[in-house]
Structures are given as C-alpha cells and as structure tokens.
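# Residue-level structure breakdown
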Amino acid sequence: QVQLVESGGGLVQAGGSLTLSCAFSGGTFSDYGMGWFRQAPGKEREFVATVSWSGGSTDYADSVKGRFTISRDNAKNTVYLQMNSLKPEDTAVYYCAAGDVVVLATYPREYDYWGQGTQVTVSS
C-alpha cells in the first residue's frame, strides 16, 4: 500500500522560504505523477503544483508561479516543494498526492493516495 509522509512545514515570516518534502513508500515511485495541494481553514482543497513521473514536466497554480518549484528525486522516492517569497495567503495545510498514470493532473479526484498534511503558517 502506497504511503506518503510530508515534512518541512512550519512558521515563517512573509518573504521567507520553506521546503516541503514528501517521502513515498509501498510502490514504484516512478510509476506515479505527484502533486501538492493545500487547504486553508474554511476553504476547499486547491491545486498547487504537479510533476510528471520523470520530473521532466511540471505545472503550477497561477497563484504560486514564479515563487514555488516542484521537483522529485526518483532515487530517493521523494518529491519536494520549494516555496520562496511566501505570503500570508499561502498559509494552509499542504498535502502531497500520488496518482497512478497521472500526467500533470490538477484536480484532487485524479489522485489515488494522499499524505496526512503539513502545516505552513506565514506571518505578516
């Protein structure tokens, strides 16, 4: 059974940076497209970024383009989200997701497995 474990969240001031990591286990990592989503209190879960199985293709939500970078290391079974120039509106629980045969999917329903989430709080 695929398991995803996020880490790296925390409290940061506006303008700061954080790097989230998601460790994958229980399957063949390179078979899966990976995504990051976030959910703020009282809001729906929203797409942040996605990366193809090879790492060669990525897509981002407009709200994070130019500030966030998604990457993966298939040798380490890990996907990353580098977040720069953080804003208070980036505050949310961030979730890692894995989708079998997913290619740059942006909807939660397209993903099969989810992590437990990691809290990111950006203070103004």
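These notes cover the structure that comes with them. Predicted, not measured: the structure shown is a model, and the values here were computed from it.

## Considering the sheet that holds strand S8 (residues 78-83)
Across the sheet, 4 strands lie side by side as S1-S3-S8-S7; this open sheet has antiparallel pairing. The open sheet has two edge strands, strand S1 (3-7) and strand S7 (68-73), and neither has a second partner. Adjacent strand axes in the sheet meet at a mean angle of 15°, parallel and antiparallel pairs treated alike. Here S7 pairs with S8 via 6 bridges, running antiparallel. The residue of S8 that forms the bridge with aspartate 73 is threonine 78.

## Details of the state of the cysteines
One pass over the structure, following the stated rule, counts 1 disulfide. Linked covalently through their sulfurs, cysteine 22 and cysteine 96 form a disulfide whose S-S length is 2.1 Å. Measuring handedness by torsion sign, the sulfur bridge of cysteine 22 and cysteine 96 sits at about -75° and is left-handed. Of this pair, cysteine 22 sits in strand S3 (residues 18-25) while cysteine 96 sits in strand S9 (residues 92-100), placing them 74 residues apart in sequence.

## Digging into the layout of surface pockets
Volume-wise, the largest pocket comes out at about 160 Å³. Lining the largest pocket are Arg38, Gln39, Ala40, Lys43, Glu44, Glu46, Pro88, Glu89, Thr91 and Ala92. Taken together, the residues that form the lining of the largest pocket break down as 3 nonpolar, 2 polar and 5 charged.

## What to know about the nonpolar core
Core analysis: the largest hydrophobic core is formed by 36 residues, its most contacted members being Met34, Trp36, Val79, Leu81, Met83 and Tyr94. Going through the elements one at a time, S3, strand S4 (32-39), strand S5 (46-51), S7, S8, S9 and strand S11 (118-123) are the ones with two or more residues in this core. The element contributing the most residues to this core is S9, with 5 residues.

## Description of the packing of aromatic side chains
Going through the model one piece at a time under the given rule, you end up with 7 aromatic pairs. Ring geometry for phenylalanine 24 and tyrosine 32: centres 5.3 Å apart, planes at 50°, overall tilted. The same class applies to phenylalanine 24 as to tyrosine 32, namely buried. Ring centres of tyrosine 32 and tyrosine 113 lie 6.2 Å apart, and the angle between their planes is 70°; on these two criteria the pair is classed as edge-to-face.

What counts, and at which threshold
Here the residue numbering is sequential within each chain, running from 1 through the sequence in written order. Where totals are concerned, whole chains, interfaces and linings use all residues; where local detail is concerned, this predicted model gives features only for residues with pLDDT of at least 70, and gives and counts side-chain atom pairs only at 80 or more. Side-chain figures throughout are based on the complete set of non-hydrogen atoms in the structure, without hydrogens or water. At least two bridges found by DSSP between two strands are what make those strands a pair. Runs of H or I in DSSP of at least four residues are treated as helices and runs of E of at least two as strands, each being numbered from the N terminus. Axis lines are fitted through C-alpha atoms, for helices just across the contact stretch, and the angle between N-to-C directions can take any value from 0 to 180 degrees. Here, the term disulfide refers to a pair of cysteine sulfur atoms separated by no more than 2.5 Å. Grid points spaced at 1 Å over the protein atoms alone were grouped into cavities, where a 1.4 Å probe fits but cannot get out, and pockets, open sets with protein on both sides within 12 Å along at least five of seven lines, with lining residues defined by an atom within 4 Å of a point. Grid points are joined across faces, edges and corners, and a volume is the space filled by probe spheres set on the points. Any residue that is not Ala, Val, Leu, Ile, Met, Phe, Trp, Tyr, Cys, Pro, Asp, Glu, Lys or Arg is counted as polar, Gly included; the first ten are nonpolar and the last four charged. For this analysis, a nonpolar core means a set of buried residues of the types Ala, Val, Leu, Ile, Met, Phe, Trp, Tyr and Cys, connected via side-chain atoms within 4.5 Å. Only protein chains enter the calculation, and the probe is 1.4 Å; a residue is then buried if its accessible area is under 20% of its type maximum, exposed if over 50%, and partly exposed in between. Aromatic contacts are taken between Phe, Tyr and Trp rings whose centres are within 6.5 Å, Trp giving its six-membered ring; a plane angle under 30 degrees counts as stacked, one over 60 as edge-to-face, and the others as tilted.

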